[in-house]
Structure formats: C-alpha cells, structure tokens
Amino acid sequence: MLYFTRWRSTAILLATFVLCLFVVPDFIPRHIERDWPAWAQHRLVLGLDLQGGSHLLFEVDSEAVRNDVVEALAEDVRRILNNSHIQYSGLATQNGAVEVQISDASGRQAALAKLAALARPLPGLFGVAGQRANEITELGGGRIRIEPTDAAVNRRVQQAVQQSIEIIERRINALGVVEPTVESEGADRILVEVPGLQDPNRLKELVGKTAKLTFQLVDLSESPEQAIKMHPPPEAEILYDSQQRPPVPYLVEKRVAVPGSDLIDAVPAFDPRTGEPIVSFRLNTAGAERFAKVTRDNVGRPFAIVLDNQVISAPVIREPIVGGSGEITGHFTVQQANDLAILLRSGALPAPLTAVEERTIGPGLGQDSINAGEIAAMLAAGMVILFMLASYGLFGLYADLAVAINVVMIFGILTLLDATLTLPGIAGIVLTMGIAVDSNVLIYERIREEVQHGRSPVSAIDAGFRRALATIVDSNITTFIASAVLFFIGTGPVRGFAVTLGVGILTTLFTAFTLTRLMISWWVEAARPQALAIR
C-alpha cells in the first residue's frame, strides 16, 4: 500500500538520516574528532592505491621451518630414548631426517616400539587427516631413521604463516599507521600493505626481522681473535656486533642463559647519564629468577644481548639484577630504539621471512586515481540523472534523489565499518548507482504497464511497486551472492570491490522500496493526480 503511518515514515527517515550522518567525520579535521566519544570516531580510510603507501610480499622460509621440525624431532628422539633407558649413539640430523644408532641389539625392538609414538597421525581435517607426522625406517644394523612427512612440514609452514601474520600485525599497529592489510597469499606467502607509509625499507626491516632475542654469557676462556684463528671451543661460538665499524667479534657461550620468550615488555627510553636512546625491558617471574641467578653468579663478566645471532651489546655485570628488568644499550638512534622495542614486544617470528616483491606507491599516483574515480563517478551520475529525467519526468527526479541518498548511505556504512576505500571500491559504488537506477526502472515500467491496463494512478503505483518486488529482490540476491563469494575468496582490491558492491545492494533495496515509495506517496497525497506524470 502507498499509505505510510507516521511511525513508519519516521523510522525510514531516521534510519536514512543516521546512516548519512556517519559521513560527517570524513569531513572533520582529525584534531577535532579526537574530542568526540569513541563510538563516533569512525572514518573512511583510503586504500593503498588512493593515498599511496608500501606494498610488500614476504615468503616464509620453508627450509628453515623443515630444519626446525627436524631439530625438534631430534630432541623428541633423545628424550624418548633417555626416559626409556635405551642405550644409543650417533644421534644426528642429516638430509632432513634424524638418524640414531641403537647400541644394544636387544633394545632395538624396544626402541622401535617407543619411537612409534612419533609416527602418530596428524590432527585436522581434509588434506592432512589420517597422514602421519613422521616416517620411521629401520636401516639395518641397529640404525633407525625418523623423517618428518611432507604433510607435517606443510602443516607447520601454514602454522608459521598464521603466527607470522599475528606478529606482523602487532608490529605494524605499534607504528600507529591506519588500516594496514596483512593476509596470507598462497601456501607460504604473506601480503603486507600499509597505506600512507612511504618508507618500505623501514617496513621491511621491522616486519622481516625474526627478532629472536637471547641473553648469553661471554666466554672468557680465550680471546675472540684466538677463537677465530684456532676454532672456538665446542660449547661456544663467534657472534658479531654489526653495528660497530668494523664489526666487533665476541666469543659467546652457546647455552642460552635467559630466553627472549621470558620478556613481557620493552619500551624505548633515554639513558639518564648519557642521554642516549636505550630500550628498557621487563621479564616475567621465571625470567626474572633466571636473570637474577645468572647475574648473581657472574658479577664482573660480560653478558651478551643477542638479537637474530648478532650481539646488540655486551655490558659487564656490575651487580646482581634482581628486579626482573634491565636496559639494552647499543648506540641506537631514537627510531632504532623505538623499532627494537616494537620487535621485542611483538615477539619473535616462527620462521625467517624473505621479501619477494616490493612496491612503493606515491601519493601523486593515488591522487590521479582519486581524480579518475571522481570523474568516472560524476560522469556516471550525470548520465543517470539525465536518462531518468528524460524517461520518467517527475518520477525520474525522485529516483535521482533516492540514488544520491543511496550513495551517501553507502559511504556512511563504509565509514561506520572503518572500511578501506580502494579504486576497485569506487568502481563498485559506480556500479551500484547503475543497479539502483535499474531497480527504479523496473518499478516505473511496471507502473506504466498498469496504467496502460486502465488502473487508476494510486492503484497503478501500488501494483507497480508490489509486483516488481520479486524481480528486483531475485536479481539483487544473485548479485549479492557473487559479491559475498568475491569477499571470502578474493584478496586485496577484489575484497574492496566486493564490500562496496554488497553494501550498495543492501542500500539499494532499502531506498527503492522505502525511500522512493515514501516520496511518491507524499506526492500522491499532496497532488492527488488524476493522471500520472510518468511518460
């Protein structure tokens, strides 16, 4: 029916007004918006192709993941054999597998029985269900080979990708940038897009660093120079402080005194004595106890702080540190101290990342994209307005008003969702304008048919809206399904297009069957036409 009750009209107008109101923050300076309540601080974010920024594609080092799996497998083999009191020798990792020699011939069957636990089925569904984690092979002569399966390694690579995404997001969010995109691409790659950040080298340094932190004692049994010439002791290794020129070598114990996993916080600060930037860190309870014991037992000895196998600094322990906190010094700049604190807070990556693609989009290119999108949108809007006015007269004007409000509502919803607007997203909005007008065309053509069949103006309008409903809903549902599939399967710009198209379809259904109908009902009530102005 064309009649709208007062509460129904109020609800339609209120919903339209509220959705359009969310566009307002996009035109308000940010320093004013900060004083608003949190629920009102929403803003439409321009994507990488509109405001410029950095685009990086990283690849997880699958070989490093395989090596980690094999090393962990070797530890499991060692633990099982030791707990079972089975004598063995020659436990080593080689060619992507673990091999061990069982010394006692009578213990070989017992060893195979105990190690069979490592050949457990992989948990999960679909591709890995039923497959085993490791293959155990008896080579003869008491030699046993345990090798991780490809399914187990691939599963670990997928886990490394997901863990890396979470860590990368924490690192980038700590920079204070707006709406970064971090998502998996393929089986072992991670896409990182940061709109507005024009320094890809800093982003690559921040994202690509493994950030594996350890605290290790410096070996004083011989000098680093002697160890380099004569080979270091088996329990020590040579590490370098690459920040110095030339790099300074250190002979460091392989044993980790305090692991970086015990660190719970790290913040940049300034040394009160020298004014140099430093990083202040804090350890958890277990880490604080280990740190206190190491510093108590090694007063006067250098304590190396190692990040990704490079010595950051090696201060001498002057006194026991029992508070669970300390400072990292290393001739940092302010930015280096801040970045190091971000790396330590976010945690270490589970595997090294390699940048395989790098692009920087300048703001000039983004502005060209915006200008092109604006021109396309204005041309499309102008042609739509002229077509509707020429074809349907006053009814065309109502359709044009509804389409204009429809576009504002789309931007309002995108702002409410804190969505990122990309160039394909603008294309989705332009396409939505055509879909919205198409809905009005179907309604108006149906009204025209009803008039030709001799119905009165009010009856023809009511029948036109009612009978066109099924056709419009069906066509829009199929388009909405397509946009949903694009959103869940697509990545990057494809998802931006899907979001704006999907939101546009919902607002189109709302404006076509409520807002346009409400405006026409007001006109009918005021003019009481004897004939319709529709041509």
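Here we summarise the structure given alongside this text.

Cut-offs and rules
Residues numbered from 1 in each chain as written. Predicted model: local features only at pLDDT ≥ 70, side-chain atom pairs only at ≥ 80, totals over all residues. Heavy atoms only, no water. Axes fitted to C-alpha atoms, helices over the stretch in contact; angles between N-to-C directions. Helix = DSSP H or I, 4+ residues; strand = E, 2+ residues; numbered from the N terminus. Left-handed = near helix turned anticlockwise from the far one by under 90°. Contact = heavy atoms within 4.5 Å. Nonpolar A, V, L, I, M, F, W, Y, C, P; charged D, E, K, R; others polar. Phe/Tyr/Trp six-rings, centres within 6.5 Å; stacked < 30°, edge-to-face > 60°. Lys NZ or Arg CZ within 6 Å of the ring centre and 35° of its normal. Buried < 20%, exposed > 50% of the residue type's maximum accessible area, 1.4 Å probe, protein only. Pairing = 2+ DSSP bridges. Core = buried A, V, L, I, M, F, W, Y, C linked by side-chain atoms within 4.5 Å.

Focus on the packing of helix H13 (residues 423-452) against helix H14 (residues 457-489)
For any two helices packed against each other, the geometry comes down to the angle between their axes and how far apart the axes lie.
Step number 1: At a minimum axis separation of 8 Å, H13 and H14 run at an interaxial angle of 145°. Judged by the sense of rotation from one axis to the other, the crossing of H13 with H14 is right-handed. The segment H13 lies against H14, with Ile435, Ser439, Leu442, Ile443, Arg446, Ile447, Glu450 and Val451 engaging Ala460, Ile461, Ala463, Gly464, Phe465, Arg467, Ala468, Thr471, Ile472, Asn476 and Thr479.
Step number 2: For the contact of H13 with H14, the residue count by class is 11 nonpolar, 5 polar and 3 charged.

Some points on the packing of aromatic side chains
Step number 1: Throughout the structure, instances matching the rule amount to 10 aromatic pairs.
Step number 2: One aromatic cluster is present, formed by Tyr392, Phe395, Tyr398, Tyr444 and Trp523 through successive ring pairs.
Step number 3: Note that Arg495 overlies the ring of Phe487, its terminal NZ or CZ placed 4.1 Å from the centroid.

Details of the side chain of Thr16
Step number 1: Tracing the backbone shows Thr16 in helix H1 (residues 6-21).
Step number 2: On the basis of relative accessible area, Thr16 is assigned to the buried category, the value being 7%.
Step number 3: Once residues lying within four places of it in the same chain are set aside, the contact partners of Thr16 are Ile405, Met409, Phe510 and Leu515.

Here we look at the pairing of strand E8 (residues 189-195)
Step number 1: Taking burial as the measure, the 7 residues of E8 include 6 buried ones, the bulk of the element.
Step number 2: Here strand E2 (residues 53-60) runs beside E8; their pairing, made up of 7 bridges, is antiparallel. Counted as the bridge partner of Ser54 is Val194 from E8.
Step number 3: The sheet contact formed by strand E7 (residues 181-185) and E8 spans 5 bridges and is antiparallel. By the bridge assignment for E8, Thr181 is matched with Glu193.
Step number 4: Once E7 ends, the chain turns through 3 residues before running back antiparallel as E8, passing Gly186 with a positive phi of about 80°.

Some remarks on the nonpolar core
Step number 1: Counting 38 residues, the largest nonpolar core has Met388, Phe395, Ile443, Tyr444, Ile447, Ile461 and Ile520 as its most contacted members.
Step number 2: Of all the secondary-structure elements, those providing two or more residues to this core are helix H11 (363-392), helix H12 (394-416), H13, H14 and helix H15 (493-527).
Step number 3: Non-local contacts of Ile443, meaning those with residues more than four positions away in its chain, are made with Gly464, Phe465, Ala468, Ile472, Ala512 and Phe513.
Step number 4: Counting residues in hydrophobic clusters, the runner-up holds 27 residues, among them Ala257, Phe281, Ala341 and Leu343.

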